[in-house]
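# Coordinates in review
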Amino acid sequence: WDVWPNGHIVKIYSHKDAKRPEINDFQVHWACEGVGAPRKQGSLNASEWRDGVRTRRRCNGVIVCTNHESKGGSCAIVIRPNTTKKLIAKQLDATCSCGATLVHSNCSTIHDIFKFSGGVCFVHRGFHNHIRPPRRLHLTKAELAHFQKVVEEHPRMGATQLVMGRPGINGPQESVATISPVLLNMARVNHERKKVFTKSRGKDIIAEFTEFQCQYPDFVIFHTFEPVAVVITQSPIMLSFLVKNHSNGIISDAAHGFWAERNDLLIISSVFSDALQCWVPGVMTWSNGGTETHYRHHFRALFETMAREYERQNIILTDDLFANVIDFSQAERAGFVNAFVEFWMVREGNTRPPEELAEAARSLLKGCRQHFHAQVTRIKKISGVVPPALAEVFADRVLQLLQCQDLATFKSISSSLIRDYPKAEDWLNWWMADGRAEMLFAPFRRMPDNLWYNLEDTTNAEEAMHWRIYCGLGKFHGFVAGLHALRAFSEYWQLQSAGNSSGIPLFYGNMRQFWQKWKAELGTTHPSRAPEKIAAKKRTRSDGRPPDTARQLLGKHSIDGDDVLDMSSPTKQPRLHDIKRASYKWSNNSCWLDTSLELLFVTISRDFETSFSPRLPELTDTDSLSLLSHAFDARNVIQGSDPSAPDDVVNVLFAQRESLRQDLVNKKIISAMDSFEAIFTWLGSLLNYPRDGAIKFMHGYFHLHMIDVRSCSGSLSNEPSFMQDPHWQTIRKPRTVFHLQLWRSETEQFDGDVSKWFRHYIQVKKPPEKMPSCWCVLDGKVYCSGAATCLKFCSHIPITLIIEIDDQDAQGHNNNGSSWHFPQTIRPLDGKAEERQGVVYDIVGRAFFNPGSSHFIARYATPDKRIYDYDGMKFGGYATVDRKAKINTHIAGTHRLISPPPRYNTCAVIYHLRGGTEAQRYFSRHQMALAQQMFDIEFVDSHSSSQLTDSDLSIPREIRLCGDHVPIHSDVKRFWAQDRTISTKCVDYVACKKHNPITESSLPPPPISQPRPPKRKRVQLHISDSDDDILPPTQQPVLPPPLSQEYEFYCRCGSREHGDLQKESEVAIQCDNCERWSHIACQKDGRASTLTKKQAFYCDTPDCAPYRDRAQFPLRSACCESALIYKCRMDSFTTCRPGKGALARHGKYWYPVRIKSCRRVGGRALFTVKWWRHCFFKLDTKPPGEVGEEDLVDALYGDRKRRRMIRLGKWTHAHEVPQHEDVIANFKNIPYSININEALAPHSQLLTDIFERPDPVKMRDAVPVLGYLAELSEKTGRKHSTVPYCGDLSLTDCAQIANWIYHQIPGASKRIIDWLNCATYAHACTIVVSKRKKNQLEQSARNIWIESHSLDADSVPTPEEHTNMMLQAAWLDLQLSYDLSSMDIDVDLECLGILEQRMFELSLAAGAAGNEQWGKDAGAHQDQWNPYEGLPEYWNHGDRDPYAPEFEGEVDVSYYHVIS
């Protein structure tokens, strides 16, 4: 349809075509006016269009000025004429904006629309002799539908936001003006928007409500519209919540704002679910008001539904089950009481009169304390009622009413309040009136104490429920739209309950109500309200504003008029009541020793009993650390838990310090008693005294153990033979390090982050340092010209970590530590597991140094988070508290931001290892396991590491290189190691495959931890016709053993089969350790398809993980250490293997697939693939299951040219797909497998009977779970229906079983709550286990038969009895077994994630091919899809400029294979 028809046109449209959206009722954009009806009226039933009903319109032309371009002028303005001559004349009275006169250019063209029986005929006569009008008038139906959809999705947005662009996460979305230029007009947009709302509100509400009830017949449990309007809703899951949970009672509250009508209310009664750890709705009501009648209907429905469910479960109904926490509305209270009376009066067996029932109802109500607190806050701020100076006093006195336990005290306090605050009398009397006082104050309480204290104190939980509804479902809903929203809310809780029953984690951490933890730790339910956060906000001021407040100019004053001193500086005198800690008093230049001892003791005291004290017994009187350690032990005893000890304790500490200083003089660590030393240097010297002394358990408290591994690529010249090959050198034992020092030159490298610096210092995974030359040097001559590197990493960390800052850098500039940021915590390792083990350093304190006075002081934090300032020259040797200081503002951070004492620089910072000795053990195991995987480094005694004590682990142990590395033979003279020190401390290695002189006898024995060579139980997966050691992927597979053989299938994709149940046709492989079978195509990144004939395969189960990791990380030679790629011609046979991801062509687009197997037919390779499930295929045909090698490519990593020739089809990225737990939570999306159907189908009638008519007596033998539930109900005295067992079935198995019941059992789809995790579901699991473990359960079934037939044990059971015995054995297994590996992997998702990262990685290694090259030469991707939108940020390595030219630095890596 042409909206600008021109010329002679006659076109007939069928009735169907005339209604198409693009026709838009034959609207045109010329400026037209209607012409009167013809004299001869046509007919809609006419057979000829000329005789049909005619509608005629005439074009009015345009209005231009005499200076218009069409008349040879310069003006381009064109005005659209109005529809009548009168209005056109009015337009012509004005002048053009250019000043010229306006002229009407008339037009005589007309067009007719004839409607007749055959359709619609459009007739246009004449040509338009003028230019087009400047704007369109009409929106097409498609444009209207698009606009209506936008308004419905964003109902709260006005015309301005719609035109400018709807706000979105990544900035404004597109403007509605892109739909049509007509929508550039704000008024037009507003008009069209109102039409959408008018159309929505004009619907028949009664008809909509009736349709809603038909759609959800069981959701609305009661409704009435006279004399008041109430609609009460409840789903089965909501009812189950009401009946199962009563520990915290019921909370009821009403809220405005959910409904569009301002007087409508949403009333909800909620209970606390112990399973979900949150408050959940029980009944939800729409009401058109808040009168007593409205509430009576709500509570009556609440009582009736609870009663029916209790009777169904044979539970006695008592009054306290209806106890409620409400606010103080008279209507709500009266509605509860009247509903309670009506409920009991119509019940059989009720003997209580209405008056007694009303009294009982009033004893079930508890008021909200938060409402009372809020009212107290409101009244105290009214200066006319309460003087501002007495506001807090008034609040304290009123809140005392809540604590009164007797009536006399209550009356005394209330009378005094009325006397002192007479204008608050009416307010107080309102609270003390009958009906309210009994809900709030103890002297008037009717509710029993045990019930009162079990209920919540506030209705905050219900108000939080309203907030959750508003956040999730929005506000201001229409009547029926709001009911749909409530239905969605109930469905949300249904999914939450089902997910929790299936073991899906619904939240992270130990508790869902995390605000309770905050309240316990911070005293407030929100971290931002914590005192330190408020103080931080107060400290943040604009530097462009002078001090201009009374507090800033006059200072803070106490009530008695004394100034409150600022304790941020240690020079201020503290008040007497400040907390103080006894410490060391200064004497004869002792500040360096005093400060270090104080910081050391505060650090050690954090784990004195668990980590420090156990190290003391090993020390003897002659050990260097004996005097220091026992001095700390004595201080811990005498000071104890009271830090503010008497003055004689200070004297004792003074004597200890002097004794230690004398010992340092005797050991010649310091020169004299009054000498001035660096702060922690003495401790490093003490740890190394004597020079070759034995290292004890106590040394490990302060020492790091560092391992140095040197490697050399070898020389190509005429050096000795072993030097021509790669060779290595390691230290025999790790070296101990105490002194860690920061340099200014390192700040730029680590961005001033101490945590980043420390982790780089200790980690294993880091680039090695380049050495100037190989270590084979003698008398300055280098005998090996190979490239040498040195890797240094830590194998043991100290509990007390001391980091010093060098006072001057290499250029001699002062370094006060201002450039370094010391975080509050340092995590040496990554991951939550390390944090659980306590491998976290917490900051303890700082040492400060004043260069002008040469004086040390300290600031530190105690475990109770108090901050102390210590200066041995002040306060008699006591450390004083700074009440305003916090760890994150006065200790952690950079030097400038911690309010340092004037003229003092940070010289050292001390940290404490949170997990103590256990954390040291964990860290050591972690580091050495990583070193063994990457470099084959291990301790010589690693085979007995589990028997080593903590003392053994804290002492440096001998290390070695294992695997293909052997020490240089004794007949080879190590001329570069003539120095005895080097010879004894270092060991040189070469590769045994290269170094011919090494004999078999000289090789070191293999470590016990090395996995044994695999038993050749693995069948050949392919028939090989090649001499290549790598199995070609194109050969025919051999399936698992015959079905008659005994074997176990246990794949990471979730397949769990045994014996003859396995009917998989995919290629499988057997693990050489656990002997289970799994799919080759399911192994990560195709690792199983690249194995050589002699290589072992280890699966992903936890028991096989150590073997798998060792096999996957062979040591690389030093010559390859720095090389990222090696030359290797690649083709489709080596890159496209089973288990790897690839792109396959379907039509003209390429989509992701996972390769399952491959074969060769007539010299052509064919690949069996599985297409990614979230592909949006353009063609209607189903993609083939097998593709040729010409239609398959890998990620083309680095291949820019081939990437530019491929157009990608559209699919959902891997990172956009919900994770495994999200998928399992909705079992409806996981179809059951053939095996599940074969196991359950024969028992469908029995499962239906259990679902509809369970009979524990008759079915007890055939359905063991019914007997279990009956026995459990007898023991507890109440009915049980939930079964918590699922054995070792995986999450996928459980979801498939639930899916089978949902589709195969009649009525199960509508009553999920009645079978999920109940008897029907449990027996289905039992059947699957009995079928799957048939052979394993035979002996158990036989034992059950013998036990039940002890008098006739040799008898043979009938087939029916044998089946029942097998089900009983399976039920027992279901209760006792557990899932060996709950880590089923979505192998398709994993494969796609690896493929996509290779496809879209932007890095230096990917080269120019990573710069969005896909399809550049082939054309646009499917549906103009942008595959680069929303990719993970870490795929951009940041080492290549994304705006660099495409060919800059390009490396053709299609011939290279990435190994690092």
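Since the model is a prediction, treat every value here as computed from it, not as a measurement.

## Brief notes about the overall build of the chain
- From N to C terminus, the chain includes 43 helices and 47 strands.
- Out of the 1460 residues in the chain, the part that is buried amounts to 48%.
- A separation threshold of at least 6 residues defines the contact pool for the chain, and within that pool the share at least 24 residues apart is 71%.
- When the accessible surface of the chain is summed, it comes to about 73100 Å², and 52% of that surface belongs to carbon and sulfur atoms.

## Structural notes on helix α3 (residues 141–153)
- Taking 1.5 Å of rise per residue, 13 residues should cover 18 Å, and α3 covers 18 Å from first to last C-alpha, within 8% of that figure.
- Those residues of α3 that fall on the buried side of the exposure criterion are Glu143, Phe147, Val150 and Val151. With its buried residues spanning 95° around the axis, α3 presents them on a single face.

## Remarks on helix α42 (residues 1359–1376)
- For α42, which comprises 18 residues, the first-to-last C-alpha distance of 26 Å matches the rise-based estimate of 26 Å (1.5 Å per residue) to within 8%.
- Along α42, the residues classified as buried are Asn1364, Met1365, Met1366, Leu1367, Ala1369, Ala1370, Trp1371, Asp1373 and Leu1374.
- Tucked into the core, α42 has its buried residues touching α38 (1264–1276), α40 (1319–1332) and α41 (1338–1348).

## Brief notes about the sheet that holds strand β9 (residues 230–233)
- Read from one edge to the other, the open sheet built from seven strands follows the order β8-β9-β12-β11-β10-β13-β14, with strand pairing classed as mixed. Where the open sheet ends on each side, the last strands, each with one partner, are β8 (220–224) and β14 (365–367). Across the sheet, the mean angle from the axis of one strand to that of its neighbour is 25°, orientation sign disregarded.
- Pairing between β8 and β9: four bridges, direction antiparallel. By the bridge assignment, threonine 224 is partnered in β9 with valine 230.

## Brief notes about a nonpolar patch on the surface
- Where nonpolar side chains cluster on the molecular surface, the patch consists of Val637, Ile638 and Val652 and spans about 250 Å² of accessible area.
- Tracing the backbone through its elements, the reader meets isoleucine 638 in helix α23 (residues 626–639).

## Brief notes about the packing of helix α37 (residues 1244–1252) against α40
- At a minimum axis separation of 8 Å, α37 and α40 run at an interaxial angle of 155°. Taken together, the axes of α37 and α40 are roughly antiparallel relative to one another. Pair α37 / α40 crosses with right-handed handedness. Contacts from Leu1246, Leu1247, Ile1250 and Phe1251 of α37 reach α40 at Ala1319, Thr1320, His1323, Ala1324 and Ile1327.
- For the contact of α37 with α40, the class distribution of residues is seven nonpolar, two polar and no charged.

## Structural notes on the sheet that holds strand β41 (residues 1149–1161)
- The sheet built from five strands is open, its strands ordered β44-β42-β41-β40-β45 with antiparallel pairing. Of all the strands in the sheet, just β44 (1186–1188) and β45 (1192–1193) have a single pairing partner and so form its edges.
- Sheet topology places strand β40 (residues 1141–1146) next to β45; two bridges connect them, and they run antiparallel. The residue bridging alanine 1144 from the neighbouring strand is leucine 1192, located in β45.

## Quick notes on the confidence of the model for the chain
- For the chain, per-residue confidence averages 80 on the pLDDT scale, and residues scoring 70 or more make up 81% of the total.
- Taken element by element, the chain is modelled with least confidence in strand β39 (residues 1125–1127), mean pLDDT 28, and with most confidence in β9, mean pLDDT 96.
- Of the regions scoring below 50 in pLDDT, residues 994–1045 engages in 101 contacts with residues more than four places distant in sequence or in other chains.
- Between residues 1445–1460, whose pLDDT stays under 50, and residues either more than four places distant or in other chains, the model counts 42 contacts.

## Thoughts on the packing of aromatic side chains
- For the structure on display, the rule yields 53 aromatic pairs.
- Seen in terms of ring centroids, tyrosine 13 and phenylalanine 26 are 5.3 Å apart; in terms of plane orientation they differ by 70°. Their pairing is edge-to-face. Separated by 13 residues along the polypeptide, tyrosine 13 in strand β1 (residues 9–13) and phenylalanine 26 in the loop between α1 (15–18) and β2 (32–35) bring together distant segments of the chain. Summarising the burial analysis for this pair, tyrosine 13 and phenylalanine 26 share the class buried.
- Here the aromatic cluster, defined as three or more aromatic residues joined through ring pairs, consists of Phe328, Phe372, Phe394, Phe410, Tyr421, Trp427, Trp430, Trp431, Phe441 and Phe444.
- It is lysine 475 that lies over the ring of tyrosine 470; its NZ or CZ is 4.9 Å from the centre.
- Lying across the ring of phenylalanine 219, arginine 487 places its NZ or CZ 5.5 Å from the centre.

## Structural notes on the pattern of salt bridges
- Considering all chains together, one arrives at 49 salt bridges under this definition.
- Where arginine 300 meets glutamate 342, a salt bridge forms, and the shortest distance between an N and an O atom there is 3.2 Å. Of the two residues, arginine 300 sits in helix α8 (residues 292–312) while glutamate 342 sits in helix α9 (residues 330–345), which places them 42 residues apart along the sequence.
- Assessed through its relative accessible area of 29%, glutamate 342 is described here as partly exposed.
- Three or more residues joined by partner-sharing salt bridges are found here, namely Glu292, Arg296, Arg300, Glu304 and Glu342.

## Observations concerning the nonpolar core
- Phe303, Phe322, Phe340 and Phe441 are the most contacted members of the largest nonpolar core, which has 102 residues in total.
- Those residues within four positions of phenylalanine 303 in sequence are excluded, and the remaining contacts are Phe322, Phe336, Ala339, Phe340 and Phe343.
- Counting 85 residues, the second-largest nonpolar core is a separate cluster that includes Leu599, Phe680, Ile762 and Ala858.

## Things to note about unusual backbone geometry
- Look at the link from glutamate 226 to proline 227: it is a cis peptide, with omega at 0°.
- Of note, proline 227 is situated in the loop between β8 and β9.
- Of note, the bond from tyrosine 689 into proline 690 is cis; its omega dihedral lies within 30 degrees of zero at -15°.
- One non-glycine residue, glutamine 277, adopts positive backbone phi at about 60°.

## Remarks on the packing of helix α12 (residues 391–399) against helix α13 (residues 407–420)
- Where α12 meets α13, the closest approach of the two axes is 10 Å, and the angle between their N-to-C directions is 155°. When the axis of α12 is compared with that of α13, the two are roughly antiparallel. Between α12 and α13 the crossing geometry is left-handed. The segment α12 lies against α13, with Phe394, Arg397 and Val398 engaging Ile413, Ser416, Leu417 and Asp420.
- Of the residues in the contact of α12 with α13, the class split is four nonpolar, one polar and two charged.

## Re the side chain of threonine 224
- Here threonine 224 shows up in strand β8.
- Within the structure, threonine 224 has its side chain in polar contact with the backbone oxygen of glutamate 226 (distance 3.0 Å).
- Here threonine 224 is in contact with Ala229, Val230 and His297, once residues within four sequence places are set aside.

## Side note on the environment of isoleucine 968
- Position of isoleucine 968 among the secondary structure elements: in the loop between β33 (965–967) and α31 (980–985).
- Taking the C-alpha atoms as reference points, isoleucine 968 and aspartate 988, separated by 20 residues in sequence, lie 6.0 Å from one another.

## Remarks on the pairing of strand β34 (residues 986–991)
- Within β34, six of the six residues are buried, which leaves it mostly tucked inside the rest of the structure.
- Here β34 shows two buried faces, one formed by Cys986, Asp988 and Val990 and the other by Val987, Tyr989 and Ala991.
- Judged from the five bridges that link them, strand β17 (residues 727–731) and β34 form a sheet pairing that is antiparallel. Paired with tryptophan 728 across the bridge in β34 is tyrosine 989.
- Relative to β34, β33 runs antiparallel, the two sharing three bridges. Bridge pairing in β34 places histidine 965 opposite alanine 991.

## Things to note about the pairing of strand β11 (residues 265–273)
- The buried fraction of β11 is high, at nine of nine residues.
- Bridging between strand β10 (residues 250–255) and β11 involves six bridges; their strand directions are antiparallel. Paired with isoleucine 251 across the bridge in β11 is serine 270.
- Relative to strand β12 (residues 278–287), β11 runs antiparallel, the two being bridged by nine bridges. When the bridges of β12 are listed, serine 269 appears paired with valine 283.
- With antiparallel pairing between neighbouring strands as the criterion, β11 and β12 make up a hairpin whose turn holds four residues, including glutamine 277 at a positive phi of roughly 60°.

Conventions we followed
Residues numbered from 1 in each chain as written. Predicted model: local features only at pLDDT ≥ 70, side-chain atom pairs only at ≥ 80, totals over all residues. Heavy atoms only, no water. Helix = DSSP H or I, 4+ residues; strand = E, 2+ residues; numbered from the N terminus. Buried < 20%, exposed > 50% of the residue type's maximum accessible area, 1.4 Å probe, protein only. Contact = heavy atoms within 4.5 Å. Areas by Shrake-Rupley, 256 points an atom, 1.4 Å probe, with all protein chains shown as cover. Expected span 1.5 Å × (residues − 1). Arc of directions from axis to C-beta. Pairing = 2+ DSSP bridges. Axes fitted to C-alpha atoms, helices over the stretch in contact; angles between N-to-C directions. Patch = residues over 30% accessible without salt bridge, like charges linked within 9 Å, V, L, I, M, F, W, Y side chains within 5 Å. Salt bridge = Lys/Arg side-chain N within 4 Å of Asp/Glu carboxyl O. Parallel < 35°, antiparallel > 145°, perpendicular 65-115°, else oblique. Left-handed = near helix turned anticlockwise from the far one by under 90°. Nonpolar A, V, L, I, M, F, W, Y, C, P; charged D, E, K, R; others polar. pLDDT = per-residue confidence, 0-100. Phe/Tyr/Trp six-rings, centres within 6.5 Å; stacked < 30°, edge-to-face > 60°. Lys NZ or Arg CZ within 6 Å of the ring centre and 35° of its normal. Core = buried A, V, L, I, M, F, W, Y, C linked by side-chain atoms within 4.5 Å. Polar contact = N/O pair within 3.5 Å; in protein donor to acceptor, adjacent residues only side chain to side chain.

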